[in-house]
Amino acid sequence: MKSIYDCYTLNNGVKIPCVAFGTFKAAQENNKKVIATAIETGYRYFDTASYYGTETYLGEAIRDSGIPREEFFLTSKMWKDEMGYENTKRAFELSLKTLGTDYLDLYLIHWPLPSPDFQEWKQLDLETWRALEELYEGGRVRAIGLSNFLPHHIENILEHCKVRPMVNQIEFHPGYSQEAAVRYCQERGIQVQAWSPLGRMRISEEPLILELAEKYKVSASQVCLRYAIERDVIPLPKSSSPERMRQNQDLFNFKISKADMYRLETLPQIGWSGEHPDRERVYFDNKRADKK
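Residues numbered from 1 in each chain as written. Predicted model: local features only at pLDDT ≥ 70, side-chain atom pairs only at ≥ 80, totals over all residues. Heavy atoms only, no water.

Visitor: Explain the overall build of the protein here, please?
Guide: Check the secondary structure of the protein and you find 11 helices and 10 strands. Taken over the C-alpha trace, the protein has a radius of gyration of 18 Å; the compact-globule value for 292 residues is 19 Å, and the two agree within 12%. Projected onto the principal axes, the alpha-carbon positions of the protein cover approximately 50 × 45 × 40 Å. Here the protein, with 292 residues, has 56% of them falling under the buried criterion. Considering only contacts within the protein whose residues lie at least 6 apart along the sequence, 73% involve residues at least 24 apart. Surface summary for the protein: the accessible area is close to 13000 Å², and the carbon and sulfur share equals 47%. (Helix = DSSP H or I, 4+ residues; strand = E, 2+ residues; numbered from the N terminus. Rg over C-alpha atoms; globule rule 2.2 N^0.38 Å. Buried < 20%, exposed > 50% of the residue type's maximum accessible area, 1.4 Å probe, protein only. Contact = heavy atoms within 4.5 Å. Areas by Shrake-Rupley, 256 points an atom, 1.4 Å probe, with all protein chains shown as cover.)

This is the structure in structure tokens:
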């Protein structure tokens, strides 16, 4: 990979850029302006979801840019209360309408369970996946996949599917690499994407991250994003600062050594969001963290 426009090839042959711009929380900032700035700084792959509330702003920013739709790669996801065969079909159509497009490049099931105590999740996931398969086979979406699915959730899909998942989007960053999930997906040809690739504040203050930033003459964020690239994981960074947006694209002029990668891979758990599909949300420092 030499730039954010270089691509991985999904298991169905679709090319997917190696870096995306995440729009989670963009609606809490300056919505369309943030996304428009990201387009101006060069991003063409955008990740959104019905839950984020950013589909409208993303669609408007793309139209206002004057850049043809086909030059963008757009991902969206249906939320926990939109799962199920019929609900998924409706959610997909609503996302298309909100984005102002007639197709998606990638559509994902946002979470494998509506809640940790939901007992019938296997059947619900299969009904939801069947809807995605039909949307894919009908040419409405170029690729389909999962988000926040762990190996035992994915096994359920693989045992019954006609179309294999192409992507799994999970929390991934130094200090929370989810090694088992990453290995499982990569061994089965499922492209891993990283939400929250920069972790939380503690990651940017982690001595090893700061040491490597100094060693490679880059920022702490660039170390984290390059870490994902080195692992063949697609990072989905987000920022409201044009300078940071550009910096988060400048990941290809340095390489982390094998020894330093081992050090990053074996960091103790830090920066975890507190989200886990099979467990109740964990909150830190008595402050409510954002859901992803």
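Visitor: Explanation requested: the packing of helix α8 (residues 207-216) against helix α11 (residues 258-265) in the structure shown.
Guide: Between two packed helices, both the angle of their axes relative to each other and the distance between the axes serve to describe the pair. For the pair α8 and α11, interaxial distance at closest approach is 11 Å and the crossing angle is 160°. The angle between α8 and α11 falls in the class roughly antiparallel. For the pair α8 and α11, the sense of crossing is left-handed. Between α8 and α11, the contacting residues are Leu208, Ile209, Glu211, Leu212, Lys215 and Tyr216 on the first element and Asp260, Arg263 and Leu264 on the second. (Axes fitted to C-alpha atoms, helices over the stretch in contact; angles between N-to-C directions. Parallel < 35°, antiparallel > 145°, perpendicular 65-115°, else oblique. Left-handed = near helix turned anticlockwise from the far one by under 90°.)

Visitor: Please explain the packing of aromatic side chains as it appears in this structure.
Guide: Each aromatic ring pair is described using two quantities: the centre-to-centre distance and the angle formed by the ring planes. One pass over the full model with this rule turns up 11 aromatic pairs. Here the aromatic rings of tyrosine 45 and phenylalanine 73 are separated by 4.8 Å at their centres, their planes lie at 70°, and the arrangement is edge-to-face. Here the residue tyrosine 45 occupies a position in strand β4 (residues 45-47), and phenylalanine 73 occupies one in strand β5 (residues 73-78), the gap between them amounting to 28 residues. Aromatic side chains tyrosine 176 and tryptophan 272 sit 5.8 Å apart centroid to centroid with 25° between the ring planes, which places their arrangement in the stacked category. Of the two residues, tyrosine 176 is situated in the loop between β8 (167-171) and α6 (179-187) and tryptophan 272 in the segment after α11; the sequence distance between them amounts to 96 residues. Accessibility expressed as a relative area gives 11% for tyrosine 176, which makes it buried. (Phe/Tyr/Trp six-rings, centres within 6.5 Å; stacked < 30°, edge-to-face > 60°.)

Visitor: Can you walk me through the confidence of the model for the protein in this structure?
Guide: Summary statistics for the protein give a mean pLDDT of 95 and a share of 96% for residues scoring 70 or more. Confidence drops under a pLDDT of 50 for residues 286-290, and excluding neighbours within four residues, the segment shows 8 contacts in the predicted structure. (pLDDT = per-residue confidence, 0-100.)

Visitor: Help me out: how do you make sense of the state of the cysteines in this one?
Guide: Note on terminology: a disulfide is the covalent bond linking the sulfur atoms of two cysteines. Counting across every chain of the model gives 0 disulfides. For cysteine 7, which is in no disulfide, the shortest distance to another cysteine sulfur is to cysteine 18 and amounts to 7.2 Å. By relative accessible area, which is 33% here, cysteine 7 ends up partly exposed. Summary of cysteine pairing: cysteine 161 is not part of a disulfide, and the nearest cysteine sulfur, belonging to cysteine 185, is at 13 Å. (Disulfide = S-S within 2.5 Å.)

Visitor: What is the right way to look at the pairing of β8 in this model?
Guide: The side chains of a regular strand alternate between the sheet's two faces. Along β8, 5 of the 5 residues are buried, which leaves the element largely enclosed by surrounding structure. Across 2 bridges, the pairing between strand β7 (residues 144-147) and β8 is parallel. What sits directly across from leucine 146, in β8, is asparagine 168. At this point the chain moves from β7, through helix α5 (residues 151-160), to the parallel β8, and the crossover so formed is right-handed. (Pairing = 2+ DSSP bridges. Right-handed = clockwise from strand over helix to strand, strands pointing away.)

Visitor: Could you clarify how one ought to interpret α6 in this entry?
Guide: Since there are 3.6 residues in each turn of an α-helix, residues three or four apart along the chain are aligned in direction. Of the residues making up α6, those classed as buried are Ala181, Val182, Tyr184 and Cys185. For α6, the angular spread of buried residues about the axis comes to 165°, placing them on one side. Looking one or two residues past α6, glycine 189 carries a phi angle of roughly 70°, positive in sign. (Arc of directions from axis to C-beta.)

Visitor: Would you take a moment to explain α8 for this structure?
Guide: Taken residue by residue, α8 has Leu208, Ile209, Leu212, Ala213 and Tyr216 as its buried positions. Taken around the axis of α8, the buried residues stretch over an arc of 135°, which confines them to a single face. Structural note: α8 exposes Pro207 and Glu214 on the side pointing more than 90 degrees away from its buried face. The inward-facing, buried residues of α8 abut α7 (201-204), α9 (220-230) and α11. In the stretch just after α8, lysine 217 is the one whose phi turns positive, near 60°.

Visitor: When you look at the UniProt feature "binding site: substrate" (unreviewed entry) in the protein in this model, what are you seeing that I'm missing?
Guide: When the UniProt feature table is mapped onto this chain numbering, "binding site: substrate" (unreviewed entry) sits at His110. Residue classification places histidine 110 among the buried residues on the basis of a relative accessible area of 1%. (UniProt positions renumbered as here; feature names shortened; annotations may be inferred.)

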